Amino acid sequence: MTQITPKRGIMDIALYVSGESRLAGRDTVLKLSSNENPLGCSDAARAAYAAAADDLHRYPNTDHAPLRRAIGEVHGLDPDRIICGVGSDEVLQFVVHAFAGAGDEVITTEHGFSMYPILARMVGAAPVTVPEAERRIDIDAILAAVTDRTRVVFIANPANPTGTMLTQDEVQRLVDGLPQSVLLVHDGAYTEFAAGADGGAGLVDRHSNVIMTRTFSKIHGLGGLRIGWGYASRQIIDVLNRIRQPFNLSNAQMAAAEAAIRDTAFRDHCADLNARMRERLRNSLIQMGIGCDESFANFVLARFADAPEAEAADAALRADGILVRRVSSYGLPAALRITVGDEEGVTRVIDSLGRFKADRRGA
Ligand SMILES: *Cc1c(COP(=O)(O)O)cnc(C)c1O
């Protein structure tokens, strides 16, 4: 028997399950399970990544200054209040490491992103999950759950996997109701897909207890490269930088990210395509009798009559070579999360689910 035991809470962590990428017996699958960009990434980002191969022997810079400057320019933010990480997941991890620990509580919501409770447990804190209202984050439920042990509140806005979004007034009401000692994490992984949204930047500028996180994994199509960033007060960024490894990002990551963020034409093209395809997919689902809330992200949540029907729909999609995301573990057993693909991808989903529904009516 080993004497080596992990710290309390570690063994309570359920391993993160990512979207599947393979189907047995098939060479090609249409992968709509991880909210990836159907157009890939910007050509400029790919070229910058390739060029970085010439300098693999060089250590990267430790302060990410050129990348932070680029992010600041494109988004109109102070580069000194930006921190970059290995995906926004790493920035979220800095937050819990710096601000929560044993005996503390971290609030997440009923259908919230599954990384949040994992992060809370990682530092020995207790995740506290509050109900949502019809798949929308419920501000009053969050405020009612705050205790003097609460240190961090996580919300994704737009939310994953529901795709719903709070209004600016609702988020403002949340911040106004939180004690100054509680840090609100406004996860803006899907901001670029919600027309006119600022990801929480305005809130950060008005409140010292808010951090916005953003990612290159979704609209910029760089999920494989692992780059994200956060924006908060100077004080919070200073705290987070103290626990960040100096060489957390490679030259190749930073070069690709800088090129990606400056390619606003590609970003806007992706947002425009997503908006049109999302609308088309949602309308088709509703016509078939499949429930679908308005989505502000690059996926939709398709709601079936019950869990067996969702399972059967998943099987029918798989038989057609299409992988989507089961979301039972998010408290949504009767639903499937479907990434919005390109024109052809969305057509395949609509055709496949159309046949599925027709077969069930016939049976
Ligand atoms: C995809 C996603 C992220 C981004 O994670 P990365 O580590 O940047 O790839 C963050 N939050 C939510 C809610 C997401 O769905």
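Note that the structure is a prediction, hence the values are computed from the model and not measured. (Residues numbered from 1 in each chain as written. Predicted model: local features only at pLDDT ≥ 70, side-chain atom pairs only at ≥ 80, totals over all residues. Heavy atoms only, no water.)

## Regarding the overall build of the chain
Along the chain, the regular secondary structure elements total 12 helices and 12 strands. Computed over its C-alpha atoms, the radius of gyration of the chain comes to 21 Å, within 12% of the 21 Å expected for a compact globule of 363 residues. If you line up the chain on its principal axes, its C-alpha atoms span 60 × 55 × 50 Å. Counting only residues that meet the buried cut, the chain has 52% of its 363 residues in that class. When contacts within the chain are restricted to residue pairs at least 6 apart in sequence, long-range pairs at least 24 apart make up 74% of them. In the structure as shown, the chain presents an accessible area of about 16400 Å², 50% of it carried by carbon and sulfur atoms. Here the chain holds 39 positive side-chain charges and 46 negative ones, and the gap between their average locations is 2 Å. (Helix = DSSP H or I, 4+ residues; strand = E, 2+ residues; numbered from the N terminus. Rg over C-alpha atoms; globule rule 2.2 N^0.38 Å. Buried < 20%, exposed > 50% of the residue type's maximum accessible area, 1.4 Å probe, protein only. Contact = heavy atoms within 4.5 Å. Areas by Shrake-Rupley, 256 points an atom, 1.4 Å probe, with all protein chains shown as cover. Lys, Arg positive; Asp, Glu negative; His and termini not counted. Charge placed at Lys NZ, Arg CZ, Asp CG, Glu CD.)

## Overview of the domain arrangement of the chain
Here the chain is partitioned into domain 1 (10–40 + 265–362) and domain 2 (43–263). With both sides pooled, the region where domain 1 packs onto domain 2 buries about 2500 Å², and carbon together with sulfur makes up 61% of that total. Three residues, R267, F296 and Y330, lead the burial of domain 1 against domain 2; their summed loss comes to 27% of the area buried on that side. Linking domain 1 with domain 2 are one salt bridge, by the criterion used here. For R135, the salt bridge identified is with D293, shortest N-O distance 2.6 Å. Of all the elements in the fold, those that place two or more residues in the side of domain 1 that touches domain 2 are α10 (264–287) and β9 (299–303). No other element matches α10, which puts seven residues into the side of domain 1 that touches domain 2. Of the residues that constitute the side of domain 1 that touches domain 2, the class distribution is 16 nonpolar, eight polar and seven charged. (Domains from an automatic or database assignment. Buried area = accessible area lost by both parts, 1.4 Å probe. Salt bridge = Lys/Arg side-chain N within 4 Å of Asp/Glu carboxyl O. Nonpolar A, V, L, I, M, F, W, Y, C, P; charged D, E, K, R; others polar.)

## Notes on unusual backbone geometry
With the exception of glycine, the majority of residues adopt a negative phi angle, and the majority of peptide bonds are in the trans configuration. The omega torsion of the bond from N157 to P158 falls at 0°, within 30 degrees of zero and hence cis. Summarising the element assignment, P158 is placed in the loop between β5 (150–156) and α6 (168–177). Backbone geometry at N35 places phi at a positive 55°, although glycine is not the residue there. Take N35: it is sitting in the loop between β1 (30–31) and α1 (43–51). Look at H64: it is not a glycine, yet its phi comes out positive at around 55°.

## What about the sheet that holds strand β11 (residues 325–326)?
In space, the three strands of this open sheet follow the order β9-β12-β11, with antiparallel pairing throughout. Each having just a single partner strand, β9 and β11 make up the two edges of the open sheet. Examined bridge by bridge, β11 and strand β12 (residues 335–339) share two bridges and lie antiparallel to one another. Each bridged residue has a counterpart across the sheet, and for R325 the counterpart in β12 is R337. Contacting β11 and β12, helix α11 (residues 307–319) runs over the sheet at an angle of about 35° to β12. (Pairing = 2+ DSSP bridges. Axes fitted to C-alpha atoms, helices over the stretch in contact; angles between N-to-C directions.)

## With respect to the pairing of strand β7 (residues 210–215)
In terms of burial, β7 is a largely internal element, six of the six residues being buried. Residues V210, M212 and R214 line one face of β7 and the alternating positions I211, T213 and T215 line the opposite face, and both faces are buried. As judged from the four bridges shared by strand β6 (residues 183–187) and β7, these two strands associate in the parallel manner. Bridge pairing in β7 places L184 opposite V210. In this fold, β6 hands off to helix α7 (residues 201–206), which returns the chain to β7; that crossover is right-handed. Note: β7 against strand β8 (residues 228–231), four bridges, orientation antiparallel. (Right-handed = clockwise from strand over helix to strand, strands pointing away.)

## Observations regarding the side chain of K357
Within the secondary structure, K357 is located in helix α12 (residues 343–362). Ignoring anything within four residues of it in the chain, the contact list for K357 reads M288, G289, I290 and E309.

## Description of helix α8 (residues 234–243)
Within α8, burial applies to I236, I237 and L240. For α8, the angular spread of buried residues about the axis comes to 95°, placing them on one side. α8 presents Q235 and R242 as exposed residues on the side facing more than 90 degrees away from its buried surface. Those residues of α8 that are buried lie in contact with β2 (82–85), α3 (87–99), β6, β7 and β8. (Arc of directions from axis to C-beta.)

## Description of the packing of α3 against helix α4 (residues 115–122)
Relative orientation of the contacting elements α3 and α4 amounts to 40°, with a least axis distance of 9 Å. Here α3 is positioned oblique relative to α4, judged by the angle of their axes. Note that α3 runs across α4; the crossing there is right-handed. Side by side, α3 and α4 meet where D89, L92, Q93, V96 and H97 of the first sit next to M115, Y116, L119, A120 and M122 of the second. Class assignment for the residues of the contact of α3 with α4 results in seven nonpolar, two polar and one charged. (Parallel < 35°, antiparallel > 145°, perpendicular 65-115°, else oblique. Left-handed = near helix turned anticlockwise from the far one by under 90°.)

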